[in-house]
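So you can see what is in the structure, the chains are spelled out below.
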Amino acid sequence: LVGKPVRVRVPPRAPKEKIVSAWNKIILTPQEFHDQIVKLAAMIPKGKYKYVYGIPRGGLIVAVYLSHYCKLELLCNPFYVGKPNSLVVDDIADTGKTLASYPYSAYDTATIHYKPRSIIKPTYFVEEIKNDDWIVYPYEKIEEKPNREL
């Protein structure tokens, strides 16, 4: 399936639940995801980084792609991220709390998607999306529901 992302309106949950929202659900196809990885790889300056670390879970997939496309050594242990020339990656900077919670948040970062509400703005990102967009990546369940408020 190649084409534009499928946009599905997620209806609000029952009032008794904590999270009530009207997310704009965007389902990425594998081809769209791949195309965005290629764009992200093209943004990474050649020779600037030697290592890439992916924040589990979505960042691991992005890191593996970038390790191949940018010829970077994949770090599998966060304790080695302190090495010079390290790039830290995730699939999305949503609230930014994941990127900020790691001790290496001061390093250069790269994500596919970035939301303006994120407390961390990645050094490199492919697309800025709206705060009410909910991205479903090809490696996630389509029926998965947002785990946070708008």
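Refer to the structure presented above.
What you see is a predicted model; the values in this text were computed from it and never measured.

### Section: the overall build of the protein
Part 1: On a plain count of helices and strands, the protein comes out with three helices and eight strands.
Part 2: Of the regular secondary structure in the protein, the N- to C-terminal order runs β-β-α-β-α-β-β-α-β-β-β.
Part 3: Within the protein, buried positions represent 43% of all 150 residues.

### Quick look at the packing of aromatic side chains
Part 1: Considering all chains together, one arrives at eight aromatic pairs under this definition.
Part 2: Between the aromatic rings of Tyr65 and Tyr69, the centroid separation amounts to 6.3 Å while the plane-to-plane angle is 10°, which identifies the pairing as stacked. Of the two residues, Tyr65 and Tyr69 both sit in helix α2 (residues 58–69), four residues apart, roughly one turn of that helix.
Part 3: Look at Tyr65 and you get partly exposed, because its relative accessible area is 27%.
Part 4: In this structure Tyr69 comes out as partly exposed when scored by relative accessible area, which is 41%.
Part 5: Ring geometry for Tyr137 and Tyr139: centres 5.5 Å apart, planes at 5°, overall stacked.
Part 6: For Tyr139, a relative accessible area of 30% gives the class partly exposed.
Part 7: Taken together, the ring pairs connect Phe33, Tyr65, Tyr69, Tyr137 and Tyr139 into an aromatic cluster.

### Some remarks on the environment of Leu40
Part 1: By the element assignment, Leu40 lies in helix α1 (residues 30–43).
Part 2: Remark: the alpha-carbon pair of Leu40 and Val126, spanning 86 residues in sequence, is separated by 5.7 Å.
Part 3: Setting aside anything within four residues of it in sequence, one finds Leu40 in contact with Val62, Leu66, Ala110, Thr111, Ile112, Tyr124, Phe125 and Val126.

### Examining the pairing of strand β2 (residues 24–27)
Part 1: Neither face of β2 is left uncovered, since the one carrying Asn24 and Ile26 and the one carrying Lys25 and Ile27 both have all their residues buried.
Part 2: Pairing analysis gives four bridges linking β2 to strand β8 (residues 133–136), with the strands arranged parallel. Its bridge partner being in β8, Lys25 is matched across the sheet by Trp134.

### What about unusual backbone geometry?
Part 1: The amide bond that connects Pro56 to the next residue, Arg57, takes the cis arrangement and shows omega of 10°.
Part 2: The phi dihedral of Lys71 falls on the positive side, at around 55°, and the residue is not glycine.
Part 3: Relative to the helices and strands, Lys71 is located in the loop between α2 and β4 (73–75).
Part 4: By relative accessible area, which is 73% here, Lys71 ends up exposed.

### Let's talk about α2
Part 1: Helix length check: α2 (twelve residues) gives 17 Å between terminal C-alpha atoms against 16 Å at 1.5 Å per residue, within 8%.
Part 2: Those residues of α2 that fall on the buried side of the exposure criterion are Gly58, Gly59, Val62, Ala63, Leu66 and Ser67. Projected down its long axis, α2 carries its buried residues within an arc of 160°, all on one side.
Part 3: Looking at the buried side of α2, the elements it contacts are α1, β3 (51–54), β4, β5 (86–93) and β6 (109–114).
Part 4: Once α2 ends, the next one or two residues include Lys71, with phi positive near 55°.

The rules behind these values
Per-chain numbering applies: the sequence of each chain, read as written, is numbered from 1 onward. Predicted model: local features are reported for residues with pLDDT of at least 70 only, side-chain atom pairs are reported and counted for 80 or more only, and whole-chain, interface and lining totals are derived from all residues. Only hydrogens and water are set aside when side-chain values are computed; all heavy atoms of the structure are taken into account. Numbering of helices and strands starts at the N terminus; helices are DSSP runs of H or I of at least 4 residues and strands are runs of E of at least 2. For every residue, the accessible area (1.4 Å probe, protein chains only) is compared with the maximum for its type, and the residue is labelled buried under 20%, exposed over 50%, or partly exposed between those bounds. Only rings of Phe, Tyr and Trp enter the pairing, Trp through its six-membered ring, and a pair is recorded when the two centres are within 6.5 Å. The plane angle decides the type: under 30 degrees is stacked, over 60 is edge-to-face, the rest tilted. Any two residues whose heavy atoms approach within 4.5 Å at even a single point are treated as in contact. Should DSSP find at least two bridges between two strands, the strands are taken to pair. Here, expected helix span is obtained from the residue count minus one, scaled by 1.5 Å. Regarding the arc, it is the one traced by the directions from the helix axis to the C-beta atoms.

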